[in-house]
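# A structural walkthrough
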Amino acid sequence: MKIKKKIPLIDQHDKNGFWGGKFGGNFIPETLKKPVDDLTKLFAKIRKDKNFIKKRDYYFKNYVGAPTPFIKLNNLTNYLGGAQIWAKVVSEANGGAHKIYNATVHALICKKAGKKYVIGDTGAGYAGKMLSMAAKKFDLKCKIFMGAKDIKRQKPNCDAMRKNGAEIVPVYSGSQTLVDAVSECMRYWVSNCDTTHMCVGSTVGPNIFVKICGWSTAQISRELKIQLKSEFNAIPKKLKLINCIGGGSSAYGFWSEFIDYNKKQIELIGVEAGGPKKSKLHAAPLSKGAKLGILHGSASYVCQNNEGQINETESISAGLDYPGVSPIHCFLKDAGRARYTYASDEEALNAYKLVTELESISPSLEPAHAFAEAIKIAPKLSKDTIIICNSCGDSYKDRDILKKRLDKHIK
Ligand SMILES: *Cc1c(COP(=O)(O)O)cnc(C)c1O
């Protein structure tokens, strides 16, 4: 399983949509084939369209707020006494996380397709919140499908979606969570695809949604490449890029420009949610040896039991609490280009605590998993090693759980 150079990873799939011959694909009902094919054709056209790219970049700059800052964490570096630790502060983007890049591109595609409605699914609510923001900005009507159980436990994000004018459609089937919301959203799309565009919030789902999302978040590594050259005059000789992995869209976006480099020069490290130390439950299909399965229209490593039933997952960070993972990360793992590991809830909380005590950034619990790995490895590394963590979300959304777990006033 080999990675080709000079071709974006999102395009390195075979004609059936599989990366490495087995990850991804299009496991969709026959009725979804037409809207998926139409979207695939439209996207192939617009990604080569100079005017569309110009528009995308205009809104990345003037709506998303790109480029987000790249800063050195001097205090954390001095405290750990090894490698230099830097952060790409993607949480400074509009809405407080990277999901706005994907939502913005989907809103632009929806407009380009001449559709007035955009729909999406959401679990913890961030994908829904960001899509509702983009819909409001671009004057689109927005419906968000959400499990009834999730609606109850994610009230602040639901309030935000409604404030942005989105309609939340509660899903009462099955476990009443994300898995069911995705199915319901796809079902709705089949019957309404003439007027409605569908957005998937991470690099997961049928092939085309993996591609669109990866194409959108790739902006993060384009920004970083320019920032690295400006800071160090060249790409550093010993670089480690650490990112948390839920579906894998922030990690792909953070890494895409750097995949062609030798792994001795640039190590890519993905950190999954190991869950509570005392629990057997986790959301770490790549690093805890999950088997290949099918979830939400594509094949990937999936947390499942011996019968192939999707396992319940558990993580302190809602954004990482997902049983599957992007097919492009499965491919990167099997090709040996990226290293995947996990951090427990407790390690993420400790990392959050240390980072916020020493520095003035406040990463959410998802990137706290990435910082946990940085804290683990930095002391053993040389001072000319540059570790960069993608601080992809802001902790404001986690204030209740942080207060409960750390009993600490959050800035
Ligand atoms: C949604 C989310 C994630 C997980 O999704 P990826 O696709 O893996 O990026 C991670 N961090 C934050 C802040 C999120 O909102």
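This report concerns the structure included in the present document. (Residues numbered from 1 in each chain as written. Predicted model: local features only at pLDDT ≥ 70, side-chain atom pairs only at ≥ 80, totals over all residues. Heavy atoms only, no water.)

### Focus: the side chain of Ser315
To keep things clear, this is the line we draw: A run of DSSP states H or I qualifies as a helix once it reaches four residues; a run of E qualifies as a strand once it reaches two. Both are numbered from the N-terminal end. Per-residue accessibility, obtained with a 1.4 Å probe over protein chains only, is compared with the maximum for each type, and a residue is labelled buried under 20%, exposed over 50%, and partly exposed between these values. Counted as a polar contact is a pair of N or O atoms within 3.5 Å, where, for protein atoms, one must be capable of donating a hydrogen and the other of accepting one, and residues adjacent in sequence contribute only when both atoms are in side chains. Every residue pair with non-hydrogen atoms within 4.5 Å of one another is taken to be in contact.
Relative to the helices and strands, Ser315 resides in the loop between strand S12 (298–302) and helix H12 (327–334). Residue classification places Ser315 among the buried residues on the basis of a relative accessible area of 12%. Within the structure, Ser315 has its side chain in polar contact with the backbone nitrogen of Ser317 (distance 3.0 Å). With residues up to four places along the chain from it excluded, the contact list for Ser315 reads Ala273, Gly275, Leu320, Asp321, Asp345 and His369.

### Structural notes on the sheet that holds strand S13 (residues 338–343)
Working definition: the strands of a sheet are paired by backbone hydrogen bonds and lie parallel or antiparallel to each other. Note the cut-off: Strands qualify as paired when DSSP identifies two bridges or more between them. For helices, the fitted line uses only the C-alpha atoms of the stretch in contact; every axis is such a line through C-alpha atoms, and the angle between N-to-C directions lies from 0 to 180 degrees.
With mixed pairing, 6 strands are arranged side by side in an open sheet as S3-S4-S14-S9-S10-S13. At either margin of the open sheet sits one strand with a lone partner, and together these are strand S3 (70–72) and S13. With direction set aside, neighbouring strand axes in the sheet form an average angle of 25°. Across 5 bridges, strand S4 (residues 84–88) lies against strand S14 (residues 386–390) in parallel orientation. Note on S14: the bridge partner recorded for Trp86 is Ile388. Along the sheet face, helix H14 (residues 365–377) touches S4, strand S9 (239–244), strand S10 (266–273), S13 and S14 and points at about 145° away from the line of S9.

### Side note on helix H5 (residues 126–137)
Short version of the rule: An expected span of 1.5 Å times one less than the residue number is assigned to each helix.
Helix length check: H5, at 12 residues, gives a terminal C-alpha distance of 17 Å against a target of 16 Å (1.5 Å per residue), a fit within 8%. Among the 12 residues that make up H5, 9 are buried, leaving the element largely enclosed by the rest of the structure. Turning to H5, its buried residues number three or more, namely Tyr126, Ala127, Gly128, Met130, Leu131, Ser132, Met133, Ala134 and Ala135. Just downstream of H5, Asp139 is the residue with a positive phi angle, here 60°.

### A short note on the site of the ligand
Stated formally: Throughout, the term near means that a residue has one or more heavy atoms lying within 4 Å of the molecule or strand in question. Accessibility throughout is a Shrake-Rupley quantity obtained with a 1.4 Å probe, and a residue counts as covered only by protein chains that appear here. Polarity classes work like this: nonpolar for Ala, Val, Leu, Ile, Met, Phe, Trp, Tyr, Cys and Pro, charged for Asp, Glu, Lys and Arg, and polar for all others, with Gly in that last group. The split of the chain into domains comes from an automatic or database domain assignment.
Taken together, 16 residues form the shell around the ligand, and within it Lys99, Ser202, Gly248, Ser249 and Ser250 come nearest. Here His98 contributes a side-chain N or O atom positioned 2.8 Å from an oxygen atom of the ligand. Here an oxygen atom of the ligand sits 2.7 Å away from a polar atom, N or O, in the side chain of Ser250. For the ligand, whose unbound accessible area comes to 380 Å², protein coverage reaches 97%. Of the residues in the shell around the ligand, the class split is 4 nonpolar, 10 polar and 2 charged. When residues of the shell around the ligand are assigned to domains, at least three map to each of domain 1 (19–60 + 99–214) and domain 2 (65–96 + 218–409).

### Focus: the packing of aromatic side chains
To keep it simple, the criterion reads: We call Phe, Tyr and Trp rings a pair once their centres come within 6.5 Å, taking the six-membered ring for Trp, and we label the pair stacked below 30 degrees between planes, edge-to-face above 60, and tilted otherwise. Two conditions define a charge located above a ring, namely a distance within 6 Å from the ring centre to NZ of Lys or CZ of Arg, and an angle within 35 degrees of the ring normal.
Evaluation of the coordinates by the stated rule reveals 14 aromatic pairs. Taking the centre distance of 5.4 Å and the plane angle of 50° together, the rings of Phe145 and Tyr188 count as tilted. Here Phe145, found in strand S6 (residues 141–147), pairs with Tyr188, found in helix H8 (residues 178–192); they are 43 residues apart in sequence, far enough to count as distant. Judged by its relative accessible area of 3%, Phe145 is buried. Grouping aromatic residues by their ring pairs yields a cluster made of Tyr58, Tyr59, Tyr63 and Phe138. Over the ring of Trp215 we find Arg56, and its NZ or CZ is 4.5 Å from the ring centre. Its guanidinium or amino end placed over the ring of Tyr396, Arg399 lies 4.0 Å from that ring's centre, counting from NZ or CZ.

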